[in-house]
Amino acid sequence: MIIFSFNARLLNEIIASMSKDWKECDISNEYTMTRIAYVSRWVSNVIIFSHMMSVFLYATGTLLKIKSKNQTNTRELIIKMEIPFEIETTPQHVIILVTQFIHQTTAAGMVGVLDSLLIILVLHICGQIDLMRQKLSEVTRKNIERKNVDQDVNESIVKALIIRHQQIITFSKNIENLYSNIALIQFFSNTLVICCLGFLIVISIGVPGGSMMLIKSVFFYIVMSLEAFIYCFVGEHLSTKSEMIGDSAYESLWYESSPSQNRDIHIMIIRSQKHLTLTIGKVAELSLRQFANIIKASASYVSVLHAMY
């Protein structure tokens, strides 16, 4: 949230650009953009719900642990913390539990919203790339199907697509500047959390009372792995989609176009060879390979901790 507050102007530019795309879309593009918006909404609901459900199950495991131990003196909390007073009565304990649950649910929901925003932005720009590829193929088909079309009109359309390509590049760079440091924080924290949760799951298997710990940890582990996968997947998806621009331009009927149009298409192909990416703090690209590295690193740490345990 601190990073977002320092990049409020950048976030406003991104939202304004998305709003502009919706205002300028024609009937032929509306179906594609509406479909992407529907998918974004569905995925966002799943992510936010899964984050909040992880908190609910984590709290349920704590309550089951309290009930099984029938504690009177030592009172278990959802999150271990130091309180500047003694919890002497049940109402005090319940109030603290409810306060912690509300805080954790709110925090989980906010993390889910930030992750959903990244998916929405990346899916939107990938949709714009699909629309650009579609218009590029339509221009070349018109050159053959309608020989009487004014050549200047076709050239202006190709140049408009080049301008649109530049807007897509700018939009992608804005996302990168907004989420690069967030991805760096998430990359290291998720690796650590996945490692610790994996260790708790391993030592809880086959142990008396370990079922409560499994209830608390398994879904939490899945959600943390899902969060790491989201960041890596959107980076891989954006990179793949951006490479398709050059492929679509090369596969178009450029040999039926004029030399000036061919030069414009050539520029587009050259620019698309530098594919769009999201990075981890400007250090490494977000990709499915990085997600595999996270899982392998956390598994290695779990094996070391289990051997030392």
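Each value, and the rule that gives it
- Residues numbered from 1 in each chain as written.
- Predicted model: local features only at pLDDT ≥ 70, side-chain atom pairs only at ≥ 80, totals over all residues.
- Heavy atoms only, no water.
- UniProt positions renumbered as here; feature names shortened; annotations may be inferred.
- Helix = DSSP H or I, 4+ residues; strand = E, 2+ residues; numbered from the N terminus.
- Rg over C-alpha atoms; globule rule 2.2 N^0.38 Å.
- Buried < 20%, exposed > 50% of the residue type's maximum accessible area, 1.4 Å probe, protein only.
- Contact = heavy atoms within 4.5 Å.
- Areas by Shrake-Rupley, 256 points an atom, 1.4 Å probe, with all protein chains shown as cover.
- Lys, Arg positive; Asp, Glu negative; His and termini not counted.
- Charge placed at Lys NZ, Arg CZ, Asp CG, Glu CD.
- Core = buried A, V, L, I, M, F, W, Y, C linked by side-chain atoms within 4.5 Å.
- Axes fitted to C-alpha atoms, helices over the stretch in contact; angles between N-to-C directions.
- Parallel < 35°, antiparallel > 145°, perpendicular 65-115°, else oblique.
- Left-handed = near helix turned anticlockwise from the far one by under 90°.
- Nonpolar A, V, L, I, M, F, W, Y, C, P; charged D, E, K, R; others polar.

- If you check an unreviewed UniProt entry, the protein chain appears there as Odorant receptor 13a-like isoform X1 from Pogonomyrmex barbatus.
- Quoted verbatim from the Subcellular location (unreviewed entry) field of the UniProt record, the comment on the protein chain reads "Cell membrane".

### Considering the overall build of the protein chain
So, point 1. Within the protein chain, the regular secondary structure consists of 8 helices and 2 strands.
So, point 2. Traced from its N-terminal end to its C-terminal end, the protein chain shows the element sequence α-α-α-α-α-α-α-β-β-α.
So, point 3. In terms of overall size, the protein chain is more extended than a compact globule, its C-alpha atoms giving a radius of gyration of 25 Å where 309 residues would be expected to give roughly 19 Å.
So, point 4. Projected onto its principal axes, the C-alpha positions of the protein chain cover 90 × 40 × 30 Å.
So, point 5. The burial tally for the protein chain puts 42% of its 309 residues in the buried class.
So, point 6. Across the protein chain, contacts joining residues at least 24 apart in sequence account for 78% of those joining residues at least 6 apart.
So, point 7. When the accessible surface of the protein chain is totalled, it reaches about 17500 Å², and 64% of it is carbon and sulfur.
So, point 8. Of the side-chain charges in the protein chain, 27 are positive and 25 negative, and the distance between the mean point of each set is 4 Å.

### Quick notes on unusual backbone geometry
So, point 1. The backbone of K282 shows a phi angle near 65°, a positive value even though the residue is not glycine.
So, point 2. Among the secondary structure elements, K282 is positioned in the loop between β1 (279–280) and β2 (284–285).
So, point 3. On the accessibility criterion, K282 (52% relative accessible area) is exposed.

### Points about the nonpolar core
So, point 1. With 51 residues, the main nonpolar core has F4, L118, L121, I175, Y179 and L278 as its most contacted residues.
So, point 2. When contributions to this core are tallied by element, the ones reaching two or more residues are α2 (8–24), α3 (27–69), α4 (90–145), α5 (151–204), α6 (210–251), α7 (259–272) and α8 (288–308).
So, point 3. Per element, the largest residue contribution to this core is 13 residues, and it comes from α5.
So, point 4. If we ignore the near neighbours within four places in the chain, the residues touching F4 are L11, L114, L117, L178, Y179 and I182.

### Details of the packing of α6 against α7
When two helices pack together, their arrangement is given by the angle between the helix axes and by the axis-to-axis distance.
So, point 1. Contact geometry of α6 with α7 gives a least axis separation of 8 Å together with a crossing angle of 150°. With respect to each other, α6 and α7 are oriented roughly antiparallel. Two packed elements cross with a definite hand, and for α6 against α7 that hand is left-handed. Between α6 and α7, the contacting residues are S242, E243, I245, G246, A249 and Y250 on the first element and I265, M268, I269 and S272 on the second.
So, point 2. Grouping the amino acids of the contact of α6 with α7 by side-chain chemistry returns 6 nonpolar, 3 polar and 1 charged.

### Some details on the environment of A284
So, point 1. When you line up the elements, A284 lands in strand β2.
So, point 2. With 100 residues separating them along the chain, A284 and L184 place their C-alpha atoms 9.4 Å apart.
So, point 3. Each residue touching A284, except ones within four places of it in the same chain, is listed here: L278, T279 and Q290.

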